[in-house]
Amino acid sequence: MSFDFSLVIDSIPKMLMGLGLTLQLMALSAVLGTVLAVVLLLMRISRRWYLVWPSVTYIYIFRGTPILVQIFIIYYGLPQFEAVRDSIFWPILREPFGCAVLALSLNTGAYVSEILRGGILGVDKGLGEAAAALGLSVRQRFIHITTPIAIRLATPAYSNDIVSLMKSTALASTITLLDMMGIARTIVAETFAPYEVFLSLAVIYMVMTFFIQKAFGRFERHMSRYLKREN
Amino acid sequence: MAQDEKQPVIVLQNVDKHFGSFQALKNINLVVNKGERLVVCGPSGSGKSTMIRCINRLEEHDGGKIIVNGHELTGNTKDIDAVRREVGMVFQSFNLFPHLTVVKNLMLAPRLVRNTSKAEAHDIAMALLERVKIPEQANKYPVQLSGGQQQRVAIARALCMNPEIMLFDEPTSALDPEMISEVLDVMVDLAKEGMTMICVTHEMGFARSVADKIVFMDAGEIVETGPPATFFDNPKSERTKKFLSQIIQH
Ligand SMILES: Nc1ncnc2c1ncn2[C@@H]1O[C@H](COP(=O)(O)OP(=O)(O)O)[C@@H](O)[C@H]1O
Ligand SMILES: [Mg+2]
């Protein structure tokens with residue numbers, strides 16, 4: 001078997017035409033998923049059973065099922081219900097892009113919520129006690145002490161999850177979207193050269209992972225600046 | 001400082017506290033008058049921390065009555081908030097906010113709890129850093145300070161709220177020996193200024209020279225109470241004698 005470099009040179013620019021879509025899927029889902037994660041987290045730590053229970057169930061379901069299955073349920077399953085087709089969400093759910101963003105956001109929300117909760121549990125209890133002894137309210141303690149420290153503690157795991165999300169965007173190609181993966185599959189169908197095409201695609205994803213990790217590494221160093229012993 | 005008219009500011013009456021089925025405090029009775037300095041000692045696990053943490057409601061007692069500066073501690077958040085504003089606390093492990101500079105550690109509570117202006121909070125903070133003799137560390141982060149310096153910042157942070165009562169829970173136990181005196185010096189100064197203080201400590205030199213009254217606890221009970229001279233030289237209970245002999249050996 002021979003390796004056709006000209007095919008690599010040809011296909012990379014074509015696949016990069018899907019980069020915009022991949023980035024859109026990732027960025028939108030990251031933002032929406034993180035907002036959802038914060039809501040789920042606040043419900044989870046509220047100590048009110050009627051908020052805790054839905055949050056725990058939601059997280060359990062979305063972490064316990066494959067994201068591909070979630071995408072298919074949303075894309076193929078939901079339109080079968082008339083209520084969905086009549087709802088204001090139909091313009092979004094009718095489009096594969098809307099379905100992909102929805103599935104990725106719902107999934108990211110579940111994972112990131114647990115990551116943030118881990119950050120909160122990692123904050124030294126003594127700090128909250130010191131703040132309480134100074135007269136700060138529960139809310140003030142949460143905003144001024146717990147949150148900034150929890151964000152630092154959660155950043156490495158959060159960064160891993162965003163990398164996962166970026167890679168999961170490739171699943172959008174299964175519901176007709178022409179992201180980088182979707183374009184790659186089209187090229188393979190025309191050229192019958194899966195090896196060259198998918199290997200090139202893998203390299204592109206790897207470069208993206210590299211930059212995401214770099215960016216978060218910077219953010220983490222910024223958040224940890226107060227841990228450096230020397231000035 | 002002996003006062004003619006004694007004004008009780010901390011009163012514990014028949015206080016009990018359980019952790020599950022374990023009873024950490026058993027029928028504690030204690031009165032601290034304004035300006036009095038109390039030292040609490042006793043073996044590890046005897047309930048010293050639990051007792052002083054009940055005074056500012058970091059722990060909730062489940063029997064008896066606690067009245068601090070006229071506020072009885074029940075479930076009522078107004079009373080708890082009032083007590084916490086009027087009572088400062090210093091912990092064994094410093095508990096400085098690691099993400100804030102020293103001066104911001106001091107400014108946080110006045111800004112949030114008392115709505116003090118930024119400029120005024122800064123002035124108060126700097127004045128207190130002068131008082132604990134580390135104004136030059138104002139813009140460092142806690143991790144960049146030695147243990148003794150961190151504990152002095154923690155004392156200054158509590159003083160920023162202008163408390164009438166100070167609670168110290170083994171403030172020197174986590175320190176290297178050479179740093180203990182710099183923290184004790186600050187506490188001695190506070191005592192001289194007439195601050196009402198409860199100090200859990202095993203620094204017997206400090207207890208002897210500063211305390212008006214020493215309380216010895218064992219197994220959740222107050223076993224013996226007395227002025228330092230009587231307590232050290234003529235302890236009544238066998239448990240106190242045994243404890244003192246262990247302390248003085250090292
Ligand atoms: N949060 C807690 N949960 C369960 N047991 C506790 C808790 N805090 C303290 N205790 C127990 O209560 C007893 C008294 O503890 P503490 O007041 O910390 O003692 P001391 O400060 O005198 O060393 C110990 O036996 C300790 O194990
Ligand atoms: Mg203790």
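Residues numbered from 1 in each chain as written. Chains lettered and ligands numbered in written order. Predicted model: local features only at pLDDT ≥ 70, side-chain atom pairs only at ≥ 80, totals over all residues. Heavy atoms only, no water.

Considerations on the packing of helix α1 (residues 5-16) of chain A against helix α10 (residues 180-191) of chain A
All names here are of chain A.
Line of reasoning, step 1. Closest axis-to-axis distance for the α1/α10 pair is 8 Å, and the angle between their directions is 140°. In the crossing of α1 with α10, the sense of the turn from one axis to the other is right-handed. Taken together, the residues of α10 that come into contact with α1 (itself represented by Leu7, Ser11, Lys14, Met15 and Leu16) are Met180, Ile183, Ala184, Ile187 and Thr191.
Line of reasoning, step 2. The residue inventory of the contact of α1 with α10, partitioned by class, reads seven nonpolar, two polar and one charged. (Axes fitted to C-alpha atoms, helices over the stretch in contact; angles between N-to-C directions. Helix = DSSP H or I, 4+ residues; strand = E, 2+ residues; numbered from the N terminus. Left-handed = near helix turned anticlockwise from the far one by under 90°. Contact = heavy atoms within 4.5 Å. Nonpolar A, V, L, I, M, F, W, Y, C, P; charged D, E, K, R; others polar.)

Here's the deal with the layout of surface pockets
All names here are of chain A.
Line of reasoning, step 1. Its boundaries defined by the atoms lining it, the largest pocket holds a volume of some 1100 Å³.
Line of reasoning, step 2. What lines the largest pocket is a set of 23 residues, among which Arg47, Val138, Arg141, Phe142 and Thr146 lie closest to the centre.
Line of reasoning, step 3. Sorting the residues of the lining of the largest pocket by element identifies α2 (19-44), α7 (96-121), α8 (125-133) and α9 (138-168) as the ones contributing at least two each.
Line of reasoning, step 4. With six residues, α9 is the single largest residue contributor to the lining of the largest pocket.
Line of reasoning, step 5. Considering only residue class, the lining of the largest pocket consists of 11 nonpolar, three polar and nine charged. (1 Å grid on protein atoms, 1.4 Å probe; cavity = no way out; pocket = protein on both sides within 12 Å on 5 of 7 lines; lining within 4 Å. Points joined across faces, edges and corners; volume = space filled by probe spheres on them.)

A closer look at the site of ligand 1
Residue and element names in this part refer to chain B.
Line of reasoning, step 1. Close to ligand 1 lie Phe19, Phe22, Ala24, Pro43, Ser44, Gly45, Ser46, Gly47, Lys48, Ser49 and Thr50, which account for all nearby residues.
Line of reasoning, step 2. Lys48 places a polar side-chain atom, nitrogen or oxygen, 2.8 Å from an oxygen atom of ligand 1.
Line of reasoning, step 3. Across the complex, the protein chains shield 60% of the 560 Å² of accessible surface that ligand 1 would expose by itself.
Line of reasoning, step 4. Contributing elements (two or more residues each) for the shell around ligand 1: β2 (22-33) and α1 (48-55).
Line of reasoning, step 5. Ranked by residues supplied to the shell around ligand 1, first place goes to α1 with three residues.
Line of reasoning, step 6. Of the residues contributing to the shell around ligand 1, the split by class is four nonpolar, six polar and one charged. (Near = heavy atom within 4 Å. Polar contact = N/O pair within 3.5 Å; in protein donor to acceptor, adjacent residues only side chain to side chain. Areas by Shrake-Rupley, 256 points an atom, 1.4 Å probe, with all protein chains shown as cover.)

Concerning the side chain of Thr146 of chain A
Residue and element names in this part refer to chain A.
Line of reasoning, step 1. Summarising the element assignment, Thr146 is placed in helix α9.
Line of reasoning, step 2. Given the relative accessible area of 17%, Thr146 is considered buried.
Line of reasoning, step 3. With sequence-adjacent residues up to four places away left out, Thr146 is seen in contact with Ile120, Val123 and Arg141. (Buried < 20%, exposed > 50% of the residue type's maximum accessible area, 1.4 Å probe, protein only.)

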